[in-house]
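What follows is the residue order along each chain.
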Number of protein chains: 2
Amino acid sequence: MNTHAIAAVLGTLRFDASGLVAAVAQQHDTGEVLMLAWMNAEAVRETLATGRVCYYSRSRGRLWRKGESSGQTQRLVELRMDCDGDALLLRVDQHGVACHTGRRSCFYRAATETGLAETMAPEVDPKALYGAG
Amino acid sequence: MNTHAIAAVLGTLRFDASGLVAAVAQQHDTGEVLMLAWMNAEAVRETLATGRVCYYSRSRGRLWRKGESSGQTQRLVELRMDCDGDALLLRVDQHGVACHTGRRSCFYRAATETGLAETMAPEVDPKALYGAG
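In this report, the structure presented in the accompanying data block is examined. (Residues numbered from 1 in each chain as written. Chains lettered and ligands numbered in written order. Predicted model: local features only at pLDDT ≥ 70, side-chain atom pairs only at ≥ 80, totals over all residues.)

### Some points on the packing of helix α1 (residues 3-12) of chain A against helix α2 (residues 41-50) of chain A
All names here are of chain A.
Phase 1 of the analysis: One can describe the packing of α1 onto α2 by two numbers: an axis separation of 10 Å at closest approach and a directional angle of 150°. Considering the angle they form, α1 stands roughly antiparallel to α2. The handedness of the crossing between α1 and α2 is right-handed. When α1 is examined against α2, the residues Ile6, Val9 and Leu10 are found in contact with a partner set consisting of Ala41, Val44, Arg45, Leu48 and Ala49.
Phase 2 of the analysis: For the contact of α1 with α2, a count of residues per class yields 7 nonpolar, no polar and 1 charged. (Axes fitted to C-alpha atoms, helices over the stretch in contact; angles between N-to-C directions. Helix = DSSP H or I, 4+ residues; strand = E, 2+ residues; numbered from the N terminus. Parallel < 35°, antiparallel > 145°, perpendicular 65-115°, else oblique. Left-handed = near helix turned anticlockwise from the far one by under 90°. Contact = placed C-beta atoms within 7 Å. Nonpolar A, V, L, I, M, F, W, Y, C, P; charged D, E, K, R; others polar.)

### Concerning the interface of chain B and chain A
Reports of interface size often rely on the accessible area that becomes lost once the parts have come together.
Phase 1 of the analysis: At the junction of the two partners, chain B supplies 35 residues and chain A supplies 35 residues.
Phase 2 of the analysis: Residue assignment for the side of chain B that touches chain A shows that the elements contributing at least two residues are α1 (3-12), β1 (21-27), β2 (33-39), β5 (74-81), β6 (87-94), β7 (109-112) and β8 (115-118) of chain B.
Phase 3 of the analysis: Its residues placed into classes, the side of chain B that touches chain A shows 21 nonpolar, 9 polar and 5 charged.

### Re the sheet that holds β6(B)
Phase 1 of the analysis: Taken in spatial order, the 6 strands line up as β8(A)-β7(A)-β5(B)-β6(B)-β1(B)-β2(B) in an open sheet, and their pairing is mixed. The open sheet has two edge strands with one neighbour each: β8 (115-118) of chain A together with β2 of chain B. Each strand axis lies, on average, 35° off the axis of its neighbour in the sheet, ignoring direction.
Phase 2 of the analysis: Direction of pairing for β5(B) relative to β6(B): antiparallel, over a ladder of 7 bridges. In the sheet register, B:Gln74 faces β6(B), and the bridge partner there is B:Gln94.
Phase 3 of the analysis: Contacts between α1(B) and the sheet are confined to β7 (109-112) and β8 of chain A together with β5 of chain B, with β8(A) contributing the most and set at about 70° to the helix. (Pairing = 2+ DSSP bridges.)

### Regarding the relation of the copies chain B and chain A
Phase 1 of the analysis: Mapping chain B onto chain A is achieved by rotating through 180° and translating by 0.0 Å along the same axis, at an RMSD of 0.0 Å. Accordingly, the operation relating the two chain copies is best matched by a two-fold axis. The C-alpha atom lying nearest the rotation axis in chain B is that of B:Gly31; the distance is 2.5 Å. (Least-squares fit on C-alpha atoms with pLDDT ≥ 70 in both.)

### What about the pairing of strand β2 (residues 33-39) of chain A?
Within a regular strand, side chains alternate between the sheet's two faces.
Phase 1 of the analysis: β2(A) sits mainly inside the fold: 6 of its 7 residues count as buried.
Phase 2 of the analysis: Linking strand β1 (residues 21-27) of chain A to β2(A), which pair antiparallel, is a turn of 5 residues; within it A:Gly31 sits at a positive phi near 85°. (Buried ≥ 20, exposed ≤ 12 C-beta atoms within 10 Å, placed from the backbone.)

Here it is in structure tokens:
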């Protein structure tokens, strides 16, 4: 995406006191919600410029190029913004699995009458994603 | 949902320093992502106990029973939690429209090469939702 268009997006977003907006990733063709993470202005800029999704890791305090360790990248299909500009919906094509547990989606636990139940199994061994170390 | 099951959910959630978790609402049958809002423990408890979605309004500093003013309620179909317990996915049945602008979803603006473009029109006049005052 060109720099003028990127500037228009960045100028409309309302980042919080930490300089972040929430970002929901959704598989573009199935509608499955994959994960929720955070982006700062630089992560939004890089994602729109390259078409590869880049978040901001709050725990590591730096840009987090999704898949940089695991290879499980996300290609951006469409970036949407909500009505008050403090949340993003990333319509993506997920390569492999989104969750560090090896599951397709991070939202794999459901509340049931008997407590939390797992709704999906890992598709990949997490050790294969990040190494056994 | 019974109180033991609700306690299991609340005991697993990791609320932030403000006592909140992010909650993504998704129409359960179409997969459309409707909105992103926030919940505190009481909002989660009430939502699971009643089956009607209740958020926490950060701007108003109180519980926000979705649709209390507009009539555009959300019935909970399933509550899911992400891998690190700090985000919820609410699979809901949205009555009417989710967005205060009268649109089905709050995520109605998309980034394009010429800037932000509206991807959906209002289905309801916002004045009809909240009154003309």
